[in-house]
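Remarks on the overall topology
Here are the chains, one letter per residue:
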Amino acid sequence: MKYFYSSFIITIIGLFIAFYLGGIHAVFICSLLSVLEISLSFDNAVVNAKVLDNMDKKWRTRFIYWGIPIAVFGMRFVFPIAIVCIASKMGFFETLYIAMYNPSEYHQALEKNINQIYVFGGAFLLMVFLDFFFDSSREEKWLTWIESNPIINTIMNISNISVLFSCIIGVALLLLTKDFMIGVVYFCALVVYLLLSSISSIMGEDGIRNGLAGFLYLEVLDASFSFDGVIGAFALSSNIFIIMIGLGIGAMFVRSLTIYLVEKKALQEYIYLEHGAHYAIFALAIIMLLKIFIEVSEVITGLIGIGFIGIAFICSKMKNHKDKKPKI
């Protein structure tokens, strides 16, 4: 419980501010937004824990403490404003003024660029999943009929197979949408991912899990997860401060959960949690790309993510019970 003390303190402070801004209705909206953020980012906590578990202690501490203001203020407040600012070619403070005093106009401007936001997040998360799925050095398999069948085993021998798959999907997306900017944003996301991976290679075999490269990787990963929550939040409120508070509370609990998983070595005990989280990431990536064409409720997205992790947890428990069972 001690891992969540800071989250409860932030929650109390946040809800007091929300009450001051909009009364009991604002408190209710903030509570819903925090639940939305936690449900959408539960798999993020598991993946973060996996990376942090192998990260240098100094950078692990920096991610926890520096990452909170970046996640809360940067991604849930500054980022949406910056997106509208760049797309609408307005100044940052002009965009901020519109967001504060004319939220409907701000929301419309954000909606105009929503597809590019979803494409960037979807492409980055897709690469996260594919690199995990096609990792030939990964010994533990969960869904062996998918992860270890003859076709997949053959495909794994192809060099840079995850990049190839991502490029094929990107070209298909470009042909379907016939939107040049969709293609630009998609392949920019791949470049960002590959750039971080290249930096990790320069730093050493486990570079992505250490130092600045690991920190940047986790921040971009967190940003990709936050897109869905930030956009979905406007369905509940157009007040950017209420949105920041609600999503910030959720982000704080996700960080606390990450710390808990690392300190308790939960991923070592429940070995399929990492698998479940990556399958949830794959589902989220596909949903974000599908949102270019159709509406998909954030409730469905959250339930799919929690479902994968829940099933992975149960399978881990069953395997642990089976391994402890004395052999006759």
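Owing to the predicted nature of the structure, the values given are computational and were not obtained by experimental measurement.

**Some points on the overall build of the protein chain**
Counting secondary structure elements, the protein chain contains 14 helices and zero strands. Each helix and strand of the protein chain, placed in order from N terminus to C terminus, yields the pattern α-α-α-α-α-α-α-α-α-α-α-α-α-α. Since a compact globule built from 328 residues should have a radius of gyration of about 20 Å, the 20 Å found for the protein chain is in line with a globular shape. By the burial criterion, 51% of the 328 residues in the protein chain qualify as buried. By sequence separation, contacts in the protein chain at least 24 residues apart represent 78% of the contacts at least 6 residues apart. Counting only carbon and sulfur atoms, one obtains 69% of the accessible surface of the protein chain, whose full area is about 16400 Å².

**Concerning helix H13 (residues 273-290)**
Compared with an ideal rise of 1.5 Å per residue, which puts 18 residues at 26 Å, H13 spans 26 Å between its outermost C-alpha atoms and is within 8% of the ideal. With 15 of 18 residues buried, H13 is to be regarded as a mostly interior element.

**Focus on the UniProt feature "transmembrane region" (unreviewed entry) in the protein chain**
Summarizing the sequence annotation, UniProt attributes the feature "transmembrane region" (unreviewed entry) to residues 12-36, 63-87, 117-134, 154-176, 183-203, 230-255, 276-294 and 300-318 in the numbering used throughout. Taken end to end, residues 12-36 is 100% helix and 0% strand, and its first and last C-alpha atoms sit 18 Å apart. When the span residues 154-176 is considered, its composition is 78% helix and 0% strand, and the gap between its end C-alpha atoms is 29 Å.

**Considering the packing of H13 against helix H14 (residues 298-324)**
Contact pair H13 / H14: the axes reach a minimum separation of 8 Å and the direction vectors enclose 160°. With respect to H14, the element H13 is oriented roughly antiparallel. H14 is crossed by H13, and the crossing has right-handed handedness. Contact residues: Leu273, Gly276, Ala277, Tyr279, Ala280, Ala283, Leu284 and Ile287 in H13; Thr301, Ile304, Gly305, Phe308, Ile309, Ala312, Phe313 and Ser316 in H14.

**Overview of unusual backbone geometry**
The phi dihedral of Asn160 falls on the positive side, at around 55°, and the residue is not glycine. In this fold, Asn160 is placed in the loop between helix H7 (150-155) and helix H8 (161-177). Despite not being glycine, Lys178 has its phi angle at roughly 55°, a positive value. Among the residues examined, Lys178 registers a relative accessible area of 73% and is labelled exposed.

**Considerations on empty space enclosed by the protein**
Going through the model one piece at a time under the given rule, you end up with three cavities of 30 Å³ or more. Considering only enclosed or pocket space, the largest cavity measures out at about 60 Å³ in volume. Element by element, the count of residues in the lining of the largest cavity is highest for H13, at four residues. For the lining of the largest cavity, a count of residues per class yields five nonpolar, four polar and one charged.

**Considerations on the packing of aromatic side chains**
Within this structure, the stated rule accounts for 16 aromatic pairs. Taken together, a centroid distance of 5.6 Å and an interplanar angle of 55° make the contact between Phe129 and Tyr279 tilted. Here Phe129 is found in helix H5 (residues 114-133), whereas its partner Tyr279 is found in helix H13, with 150 residues between them in sequence. Neither Phe129 nor Tyr279 differs from the other in exposure class; each is buried. By the ring-pair criterion, three or more aromatic residues cluster together here, those being Phe129, Phe133, Phe134, Trp142, Phe165, Tyr272, Tyr279, Phe282 and Phe308.

**So, H14**
Relative to the 39 Å expected for 27 residues at 1.5 Å per residue, H14 spans 39 Å between its end C-alpha atoms, a close match to the ideal helical length. Those residues of H14 lying buried are Glu298, Thr301, Gly302, Gly305, Ile309, Ala312, Ser316 and Asn320.

**Side note on the environment of Phe134**
Here Phe134 lies in the loop between H5 and helix H6 (144-147). Overall, Phe134 belongs to the buried group, its relative accessible area being 10%. Along the chain, Phe134 and Leu33 lie 101 residues apart, while their C-alpha atoms are 35 Å from each other. Discounting residues that sit within four places of it in the chain, Phe134 has contacts with Ile152, Ile155, Met156, Ile161, Ser162 and Phe165.

**Details of the packing of helix H3 (residues 92-101) against helix H4 (residues 103-112)**
Across the interface, H3 lies against H4 with an axial gap of 5 Å and an inter-helix angle of 120°. Between H3 and H4, the crossing angle belongs to the class labelled oblique. Residues Thr95, Ile98, Ala99, Met100 and Tyr101 of H3 lie in contact with H4, whose contacting residues are Pro103, Glu105 and Tyr106. Here the residues of the contact of H3 with H4 sort into six nonpolar, one polar and one charged.

**So, a nonpolar patch on the surface**
Together, Ile9, Ile10, Ile13, Ile17, Tyr20 and Leu21 make up an exposed nonpolar region whose accessible area comes to about 610 Å². Within the secondary structure layout, Leu21 lies in helix H1 (residues 5-53).

**Quick notes on the side chain of Ser256**
Among the secondary structure elements, Ser256 is positioned in helix H11 (residues 240-263). Each residue touching Ser256, except ones within four places of it in the same chain, is listed here: Tyr3, Phe4, Ser6 and Ser7.

**So, the side chain of Arg255**
Mapped onto the elements of the fold, Arg255 is located in helix H11. With relative accessibility at 3%, the residue Arg255 sits in the buried group. Excluding residues that lie within four positions of it along the chain, Arg255 makes contacts with Phe63, Gly67, Ile68, Ala71, Glu219 and Asp222.

What counts, and at which threshold
- Residues numbered from 1 in each chain as written.
- Predicted model: local features only at pLDDT ≥ 70, side-chain atom pairs only at ≥ 80, totals over all residues.
- Heavy atoms only, no water.
- Helix = DSSP H or I, 4+ residues; strand = E, 2+ residues; numbered from the N terminus.
- Rg over C-alpha atoms; globule rule 2.2 N^0.38 Å.
- Buried < 20%, exposed > 50% of the residue type's maximum accessible area, 1.4 Å probe, protein only.
- Contact = heavy atoms within 4.5 Å.
- Areas by Shrake-Rupley, 256 points an atom, 1.4 Å probe, with all protein chains shown as cover.
- Expected span 1.5 Å × (residues − 1).
- UniProt positions renumbered as here; feature names shortened; annotations may be inferred.
- Axes fitted to C-alpha atoms, helices over the stretch in contact; angles between N-to-C directions.
- Parallel < 35°, antiparallel > 145°, perpendicular 65-115°, else oblique.
- Left-handed = near helix turned anticlockwise from the far one by under 90°.
- 1 Å grid on protein atoms, 1.4 Å probe; cavity = no way out; pocket = protein on both sides within 12 Å on 5 of 7 lines; lining within 4 Å.
- Points joined across faces, edges and corners; volume = space filled by probe spheres on them.
- Nonpolar A, V, L, I, M, F, W, Y, C, P; charged D, E, K, R; others polar.
- Phe/Tyr/Trp six-rings, centres within 6.5 Å; stacked < 30°, edge-to-face > 60°.
- Patch = residues over 30% accessible without salt bridge, like charges linked within 9 Å, V, L, I, M, F, W, Y side chains within 5 Å.
- Salt bridge = Lys/Arg side-chain N within 4 Å of Asp/Glu carboxyl O.

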